[in-house]
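Examining the three-dimensional arrangement
Each chain is listed here by its residues.
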Amino acid sequence: MNTLVINNASKVYSNGTKALEHVSLKISNGMFGLLGPNGAGKSSLMRTIAGLQTLTSGSVIFNGNDISKDPSKIRQHLGYLPQEFGVYPRMSALDLLNHIAILKGVLNKKERQEQIEALLIKTNLFEHRKKFVSNYSGGMRRRFGIAQALLGNPKLIMVDEPTAGLDPEERNRFLDVLSEVSSSVIVLLSTHIVEDIRVLCSNMAILSNGQIVKQGNPNDLINGLHGKIWKTPVLKSELNVLKDKYNVISTRLLAGKTSAYVFSEEQLTTDFESVPTDLEHVYFHILKTSKTTSYAA
Ligand SMILES: Nc1ncnc2c1ncn2[C@@H]1O[C@H](COP(=O)(O)OP(=O)(O)OP(=O)(O)O)[C@@H](O)[C@H]1O
């Protein structure tokens, strides 16, 4: 069993931005979802775990080694798929994977070829292996990204916003690959797409303004709000009045009509209908509560 322990981690950038504040997490094998809005600090946490930047205070311990002091202790075990690679070289997928595998220390040629072939098949890129990665579509690039992340049999895999911009079929294919590898390693998935966490993760944390505002099993978090989410149709012009009177956590547009979702422990009037809770309700409720708390503080 692998363990990643983040102790009281804080990161302040040189311009004074507090990207992480006293973040503590304990993660073991399986898929762990890190959910939060843009700017919450997800990439900052990922880059720190990958050893690409240091913490201002706190520590990151992987399998007993303090990687905030010695990042080399994580590199050999890490598969990282960042949000954007930047430049995609004019090199075939096969050649590029071969090159990356050598950099990751897979020096035995036969072993390297076997790993690369298995990963090209797993990510459905085998028939495109001789094409330049620079000519791949967005979905193919994401799949190539996961193939390179899995080279060298990492024990910790981190993927940052992996499904952004993918069409539904590509997204499913990508999520399938991730869930398949996650039983024997830690997969840390950072996203602002609630649905990705719901379908994949047995544990999750919500990050907002650099702080962990909730963590737990997604189903437990959903059950915690059971019977407390109410829906009512609303005209856009009436939304502010509704917000003044009720704890509106979100609105959704369906077939051109807006519905407001309200958190209430009490039974509401007949204008409201009790609805089954989903993870998105949990997410919006937590974000709203954490904002209200930090404004009040
Ligand atoms: N190198 C940097 N220097 C200064 N501020 C930074 C730097 N990188 C990130 N930030 C700031 O730190 C905060 C957290 O950013 P981060 O990229 O970690 O968030 P995120 O949750 O990954 O968001 P996104 O989904 O938009 O990437 C933001 O306010 C961001 O502007």
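Criteria and thresholds
Residues numbered from 1 in each chain as written. Predicted model: local features only at pLDDT ≥ 70, side-chain atom pairs only at ≥ 80, totals over all residues. UniProt positions renumbered as here; feature names shortened; annotations may be inferred. Axes fitted to C-alpha atoms, helices over the stretch in contact; angles between N-to-C directions. Helix = DSSP H or I, 4+ residues; strand = E, 2+ residues; numbered from the N terminus. Parallel < 35°, antiparallel > 145°, perpendicular 65-115°, else oblique. Contact = placed C-beta atoms within 7 Å. Near = placed C-beta within 6 Å. Nonpolar A, V, L, I, M, F, W, Y, C, P; charged D, E, K, R; others polar. pLDDT = per-residue confidence, 0-100. Pairing = 2+ DSSP bridges. Domains from an automatic or database assignment.

As recorded in an unreviewed UniProt entry, the chain goes by ABC transporter ATP-binding protein and comes from Winogradskyella flava. Recorded in UniProt under Sequence similarities (unreviewed entry), the annotation for the chain is "Belongs to the ABC transporter superfamily."

Right, let's talk about the packing of helix α5 (residues 138–150) against helix α6 (residues 168–181) for a bit. Think of two packed helices as two axes; the pair is described by the angle between the axes and how far apart they sit. Two elements in contact, α5 and α6, have axes separated by 10 Å at closest approach and are oriented at 10°. Between α5 and α6, the angle falls in the class roughly parallel. Along its contact with α5, which presents Gly 139, Arg 142, Arg 143, Ile 146 and Leu 150, the element α6 presents Glu 170, Phe 174, Val 177 and Val 181.

The next point concerns the site of the ligand. By nearness alone, 13 residues border the ligand, and Tyr 13, Asn 38, Lys 42, Ser 43 and Ser 44 come closest of all. Of all the elements, helix α1 (residues 42–49) adds the most residues to the shell around the ligand, at three residues. The class makeup of the residues in the shell around the ligand is three nonpolar, nine polar and one charged.

Before going further, it helps to spend a moment on the confidence of the model for the chain. Scored by pLDDT, the chain has a mean of 89; 97% of the residues are at 70 or more. In the predicted complex, the global pTM is 0.86; the interface-specific ipTM is 0.96.

Time to look at the sheet that holds strand β14 (residues 273–274). The strand order β12-β13-β11-β14 describes an open sheet built from four strands, whose pairing is antiparallel. In this open sheet, the two edge strands, each paired with only one partner strand, are β12 (247–254) and β14. In the sheet, β12 pairs with strand β13 (residues 257–263) via seven bridges, with the strands oriented antiparallel. Looking across to β13, one finds that Ser 250 is bridged to Tyr 261.

As a further point, take the domain arrangement of the chain. When the domains of the chain are assigned, the result is domain 1 (3–216) and domain 2 (223–296). Here domain 1 and domain 2 have C-alpha centroids that lie 33 Å from each other. At the level of elements, α7 (194–200), β9 (203–208) and β10 (211–216) are the ones that each hand at least two residues to the side of domain 1 that touches domain 2. With three residues, the top contributor of residues to the side of domain 1 that touches domain 2 is α7. Class assignment of the residues belonging to the side of domain 1 that touches domain 2 gives a composition of six nonpolar, two polar and two charged.

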